[in-house]
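Single-letter residue listing:
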2 protein chains.
Amino acid sequence: MQYIPAFSKLVEEFEKLPGIGSKSAQKMAYYIITSDKSVAKSFSDALLDAKQKIHCCRICQNITDKDICSLCADEKRDKSVICVVEKPSDIDAVERTRDYNGMYHVLHGLISPMNDVGPDDVKLSELLVRVSENDVREIIMATSPNVEGQATAMYIAKLLKPFDVKVTGLALGIPVGGSLEYSDSITLARAIENRREI
Amino acid sequence: MQYIPAFSKLVEEFEKLPGIGSKSAQKMAYYIITSDKSVAKSFSDALLDAKQKIHCCRICQNITDKDICSLCADEKRDKSVICVVEKPSDIDAVERTRDYNGMYHVLHGLISPMNDVGPDDVKLSELLVRVSENDVREIIMATSPNVEGQATAMYIAKLLKPFDVKVTGLALGIPVGGSLEYSDSITLARAIENRREI
């Protein structure tokens, strides 16, 4: 790559994006340089505008450009169930099921001592306040089924013990449409363990 | 995806980048929103800065932040050979070979009547001026070996007929390390046609 400081800086910024390697970053930087001036301007404006207008919902910590997000503001949703997720995009995944009508709580991270992320680094105290101040019947821990996700779910379940609230986790098993032959053995063991009557 | 205008606009901007689909664009937008304010600011600055400082080299139309690019300014390079490429990143590919020491000319596009790109839409007149005003011995047409690339090479070769200049094209054949068994038949036919004594 030819060394032009402003170009290298732009490539560097693209490389910071999730899933972007140096080759893709160069391609994107060339695209910006060889496009019309308005492309860079509108991109730059969108970045600053989004960052300035969007913040966390006062209640559930989901992203929003209002004081409380559209999900918390929706009167038709069941306020007695809270689904706890790691990040805002996980809400989209749950909403896509069209099968859940409760509230959410976004932790913005998972507890991970290995990566120096403790309970105070995620939005946990906000969840405890919600549970203590409102009439919450159930907390669904929908963190990912990996080490950090499970540890975080366990930790939160323990913290919620003193409250009169049911804490549940997502079912683990073979995916719909999946094949038994190609299932990994841990997942299959869980599916057998959690088998249900039909 | 939750509808927040500033967020949707940001996703839209990411989607414009080459090779980015809606899923990746959402991921990147979420990354910007959940990162520190400085991330968006420095990204935005890099975009505007690059677009403001970088322009085309007066001579070869390569990108540069000076009046003429570092390759044109290099006194050690052979001024009598010009390698014609489609876009600035193609120069990187040729330079990586460490096997070429001549000049370049960037067309910024390929002639393509199907896509409404005519000879006046690429930096062709600048090439003709260079050839007529300087002592150029050879033009290497290094456009990609696809329909537009070949058509552009043919068109330019025809335009250069009146000048006392040799016009060459890159050799087509099976790639080094490639396998005969898996070569496509058009490439293999070209490799046989252009066979050389060893």
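Residues numbered from 1 in each chain as written. Chains lettered and ligands numbered in written order. Predicted model: local features only at pLDDT ≥ 70, side-chain atom pairs only at ≥ 80, totals over all residues. Heavy atoms only, no water.

1. Concerning the sheet that holds strand β3 (residues 78-85) of chain A
All names here are of chain A. Here we have four strands laid out as an open sheet, ordered β4-β3-β5-β6, and parallel in their pairing. Taken across any chain shown, the strands that pair with only one partner, and hence form the sheet edges, are β4 (102-106) and β6 (166-169). When the angles between neighbouring strand axes are averaged without regard to direction, this sheet yields 25 degrees. Note: β3 against strand β5 (residues 138-141), four bridges, orientation parallel. Each bridged residue has a counterpart across the sheet, and for Ile82 the counterpart in β5 is Ile139. (Pairing = 2+ DSSP bridges. Helix = DSSP H or I, 4+ residues; strand = E, 2+ residues; numbered from the N terminus. Axes fitted to C-alpha atoms, helices over the stretch in contact; angles between N-to-C directions.)

2. Concerning the sheet that holds strand β3 (residues 78-85) of chain B
All names here are of chain B. With parallel pairing, the four strands of this open sheet are ordered in space as β4-β3-β5-β6. Of all the strands in the sheet, just β4 (102-106) and β6 (166-169) have a single pairing partner and so form its edges. Ignoring strand direction, the axes of neighbouring strands in this sheet form an average angle of 25 degrees. Here helix α5 (residues 88-96) sits on the sheet in contact with β3 and β4, set at roughly 155 degrees to β4. Sitting on the sheet, helix α6 (residues 125-133) touches β3, β4 and β5 (138-141), and the angle it makes with β4 is about 150 degrees. (Contact = heavy atoms within 4.5 Å.)

3. Some details on the relation of the copies chain A and chain B
Overlaying chain A on chain B yields an RMSD of 0.1 Å, the required transformation being a rotation through 180 degrees with an accompanying axial translation of 0.0 Å. The symmetry that links the two subunits is that of a two-fold axis. Among all C-alpha atoms of chain A, that of Ser44 of chain A lies closest to the rotation axis, at 2.2 Å. By residue overlap, the copies meet face to face through one surface: 100% of the interface positions of chain A are interface positions in chain B. (Least-squares fit on C-alpha atoms with pLDDT ≥ 70 in both.)

4. Topic: the interface of chain A and chain B
With 50 residues of chain A at the contact, the number on the chain B side is 50 residues. Between chain A and chain B, roughly 4,500 Å² of surface is buried when both sides are summed, and carbon and sulfur atoms account for 72% of that area. Our count for the chain A to chain B interface comes out at zero salt bridges. Along the contact surface separating chain A from chain B lie eleven residue pairs in polar contact (both at pLDDT 80 or more). Counting only elements with at least two residues in the side of chain A that touches chain B, the list comes to α1 (5-15), α2 (22-34), α3 (37-53), β2 (63-64) and α5 (88-96) of chain A. The dominant element in the side of chain A that touches chain B, judged by the number of residues it contributes, is α3 of chain A, at 14 residues. (Buried area = accessible area lost by both parts, 1.4 Å probe. Salt bridge = Lys/Arg side-chain N within 4 Å of Asp/Glu carboxyl O. Polar contact = N/O pair within 3.5 Å; in protein donor to acceptor, adjacent residues only side chain to side chain.)

5. What about α2 of chain A?
Along its 13 residues, α2 of chain A runs 18 Å from first to last C-alpha, staying within 8% of the 18 Å computed at 1.5 Å per residue. Within the sequence span of α2 of chain A, burial applies to Ala25, Met28, Ala29, Tyr30, Ile32 and Ile33 of chain A. Looking at the buried positions of α2 of chain A, the neighbouring elements they touch are α1 and α3 of chain A together with α2 (22-34), α3 (37-53), β2 (63-64) and α5 of chain B. (Expected span 1.5 Å × (residues − 1). Buried < 20%, exposed > 50% of the residue type's maximum accessible area, 1.4 Å probe, protein only.)

6. Comments concerning the environment of His108 of chain A
Relative to the helices and strands, His108 of chain A is located in the loop between β4 and α6 (125-133). Classification of His108 of chain A as partly exposed rests on a relative accessible area of 23%. For the pair His108 of chain A and Glu15 of chain A, spaced 93 residues apart in sequence, the C-alpha separation works out to 22 Å. Residues in contact with His108 of chain A, not counting those within four places in the same chain, are Cys56, Gln61, Glu86, Pro88, Asp121, Val122 and Lys123 of chain A together with Thr34 of chain B.

7. A word on the nonpolar core
By size, the foremost hydrophobic cluster in this structure holds 44 residues, and its most contacted members are Phe14 of chain A together with Phe14 of chain B. Put simply, the parts of the chain that give this core at least two residues each are α1, α2 and α3 of chain A together with α1 (5-15), α2 and α3 of chain B. Discounting chain neighbours no more than four positions away, the residues touching Phe14 of chain B are Leu17, Phe43 and Leu47 of chain A together with Ile20, Ala25, Met28, Ala29, Ile32 and Phe43 of chain B. (Core = buried A, V, L, I, M, F, W, Y, C linked by side-chain atoms within 4.5 Å.)

8. Concerning the confidence of the model for chain A
Summing up the model confidence of chain A, the mean pLDDT is 92 and the portion of residues at 70 or higher is 99%. Prediction confidence for the complex, expressed as pTM and ipTM, is 0.80 and 0.81 respectively. (pLDDT = per-residue confidence, 0-100.)

9. Details of the packing of α3 of chain A against α2 of chain B
Where α3 of chain A contacts α2 of chain B, the two axes come as close as 9 Å, and the packing angle between them is 55 degrees. Between α3 of chain A and α2 of chain B, the crossing angle belongs to the class labelled oblique. Considering only the axes of α3 of chain A and α2 of chain B, their crossing is right-handed. Every residue of α2 of chain B that contacts α3 of chain A at Leu47, Ala50 and Lys51 of chain A is listed here: Ile32, Ile33 and Thr34 of chain B. When grouped by side-chain class, the residues that make up the contact of α3 of chain A with α2 of chain B number four nonpolar, one polar and one charged. (Parallel < 35°, antiparallel > 145°, perpendicular 65-115°, else oblique. Left-handed = near helix turned anticlockwise from the far one by under 90°. Nonpolar A, V, L, I, M, F, W, Y, C, P; charged D, E, K, R; others polar.)

10. A short note on the packing of α3 of chain A against α3 of chain B
Where α3 of chain A meets α3 of chain B, the closest approach of the two axes is 9 Å, and the angle between their N-to-C directions is 165 degrees. The pairing of α3 of chain A with α3 of chain B is recorded here as roughly antiparallel in orientation. The two elements α3 of chain A and α3 of chain B meet at a crossing, and its hand is left-handed. The residues of α3 of chain B that touch α3 of chain A, namely those facing Lys37, Ala40, Lys41, Phe43, Ser44, Leu47, Leu48 and Lys51 of chain A, are Lys37, Ala40, Lys41, Phe43, Ser44, Leu47, Leu48 and Lys51 of chain B.

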